[in-house]
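# Structure at a glance
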Amino acid sequence: MTTSSPRRALALLTLLCAVVATSLVGFAGPVAAGRSDTTWSVAPANADGPDGRSVIDLELAGGQEVTEHIAVTNRSTKEVVFAIDANDGYLTARGLFDMRPSDATPTDGGAWIQVPDKVTIPAGASAVVPIRVAVPRNATPGDHPAGVTASVDTISGQVRVQNRVGVRVNLRVTGDYVTKLAVTDLRAEYTGSWNPFAAGTVEVTYTLANLGNVRLAPDTQIRTSALVGESGWDDTSEARTREIMPGGSREFTAQVTGVWPMGEITTKVLAIPSPAGQPLSTTTERVTIDTTLWALPWPQLVLLVILVVAFFVIRVVLSRRRKRRRQQEAILREASALIAQYGGQPKD
């Protein structure tokens, strides 16, 4: 075997691996994407063009059909053929909306949306694309997230890259809505300060699970109680970043400041399953869970020991000074007595 054989094998392996394709998706209403000299945007629309919405919100009954529209704008200097795709939507670990890859078969709300395969748009022009939504008669009530994208495939080296820009579709089927939440995996950790005059922080980690059939943006309150009182911290994260889809769960972390380490500390999480999007006339059940940790006041104890030691040291020093002063005063009294006794007698 020559020395060039390993190099040829490596080159062949690289060529075989070049069939991998990367999909880039943007979901933020009327957003734009670019790759090379191709740039475009997608926005919700009516039959005449963009209508100012950032997402498409639909509430339909089982068996109902409706036609919506998206506007695709080609901001490039050349004509572009865009592939149109609809699929199921989901939330990433960071709470951002995304859509299943275009080569994945939709199984939920994305399967109910019919779109044209392609649309050809001249340079600098826009096209309104109709999307037909048909809800099955036996569809379960609740939310079925989906999305519609316009995409362009490009070649980067030996890798095919699919760039997609999409519009989110919040598809809700009417019926009995259930808003139910569970709080699990509650953990609390105390971090103190070596400054005895500064309170510490309790870092709280917990998981929220959506057990209902509609998407939730839970309201959460976290409180700690200790020997010296109760402190609280309201979770004010944006509703969009706190959104949880039906059947999904997310982990959150919060900090409660101003907590003094005085032994047992109880941390309580109160979660309210508030629906995301349009308000619903449903009964919401608050969920509460708590955990206990111990935080000993080491800086305060060290300070107390220092103060006690300093007290006794000062006391000993003052006692010795008083003793020396009394001895000096006694010597002075004896000297004065001797001077009074012998100082006035005449010399021989």
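First things first, this report covers the structure right here in the doc.

Basis of the calculations
Residues numbered from 1 in each chain as written. Predicted model: local features only at pLDDT ≥ 70, side-chain atom pairs only at ≥ 80, totals over all residues. Heavy atoms only, no water. Helix = DSSP H or I, 4+ residues; strand = E, 2+ residues; numbered from the N terminus. Buried < 20%, exposed > 50% of the residue type's maximum accessible area, 1.4 Å probe, protein only. Areas by Shrake-Rupley, 256 points an atom, 1.4 Å probe, with all protein chains shown as cover. Patch = residues over 30% accessible without salt bridge, like charges linked within 9 Å, V, L, I, M, F, W, Y side chains within 5 Å. Salt bridge = Lys/Arg side-chain N within 4 Å of Asp/Glu carboxyl O. Lys, Arg positive; Asp, Glu negative; His and termini not counted. Charge placed at Lys NZ, Arg CZ, Asp CG, Glu CD. Phe/Tyr/Trp six-rings, centres within 6.5 Å; stacked < 30°, edge-to-face > 60°. Lys NZ or Arg CZ within 6 Å of the ring centre and 35° of its normal. Contact = heavy atoms within 4.5 Å. Pairing = 2+ DSSP bridges. Axes fitted to C-alpha atoms, helices over the stretch in contact; angles between N-to-C directions.

On to the overall build of the protein, then. Scanning the protein from N- to C-terminus turns up 2 helices and 21 strands. For the protein, buried positions account for 37% of its 348 residues. Accessible surface computed for the protein: about 20,300 Å², of which carbon and sulfur atoms make up 54%.

The next subject is the environment of Val-42. Mapped onto the fold, Val-42 is located in strand 3 (residues 38-46). What makes Val-42 buried here is its relative accessible area of 0%. Separated by 125 residues in the primary sequence, Val-42 and Val-167 have C-alpha atoms spaced 6.7 Å apart.

So, about a positive patch on the surface. Together, Arg-315, Arg-320, Arg-321, Arg-322, Lys-323, Arg-324, Arg-325 and Arg-326 give the surface a local cluster of positive charge. Within the element layout of this structure, Arg-326 appears in helix 2 (residues 298-342). Residue Arg-326 is classed as exposed on the basis of its relative accessible area of 51%.

What follows deals with the environment of Gly-247. Structurally, the position occupied by Gly-247 is in the loop between strand 18 (229-235) and strand 19 (249-259). The spatial distance from the C-alpha of Gly-247 to the C-alpha of Asn-210 is 5.4 Å, given a sequence separation of 37 residues.

The subject of this paragraph is the packing of aromatic side chains. Going through the model one piece at a time under the given rule, you end up with 3 aromatic pairs. The ring of Tyr-177 carries Arg-172 above its face, with NZ or CZ at 5.7 Å from the centroid.

Next up on the list: the pattern of salt bridges. In the structure shown here, the tally under the stated rule is 11 salt bridges. Notably, a salt bridge pairs Arg-132 with Glu-65, separated by 2.6 Å at the nearest N-O pair. Of the two residues, Arg-132 sits in strand 11 (residues 126-134) while Glu-65 sits in strand 6 (residues 65-74), which places them 67 residues apart along the sequence. Taking relative accessible area as the criterion, Glu-65 reaches 47% and is therefore assigned partly exposed. In this structure, a network of salt bridges that share partners links the residues Asp-57, Asp-143, Arg-168, Arg-172, Arg-215 and Glu-243.

A few words now on the side chain of Ser-76. Summarising the element assignment, Ser-76 is placed in the loop between strand 6 and strand 7 (80-91). Beyond its immediate stretch of four places on either side in the chain, Ser-76 contacts Asp-37, Thr-38, Thr-39, Ala-123 and Gly-124.

The subject of this paragraph is the sheet that holds strand 16 (residues 200-210). Taken together, the 3 strands give an open sheet; going across it, the order is 15-16-19, and neighbouring strands pair in antiparallel fashion. Strands with a single pairing partner mark the edges of an open sheet, and in this sheet they are strand 15 (181-191) and strand 19. Going across the sheet, the axis of each strand differs from the next one's by a mean of 20°, ignoring polarity. Two elements, strand 16 and strand 19, share 10 bridges in a ladder whose sense is antiparallel. For Thr-207, the partnering residue across the bridge sits in strand 19 and is Glu-251.

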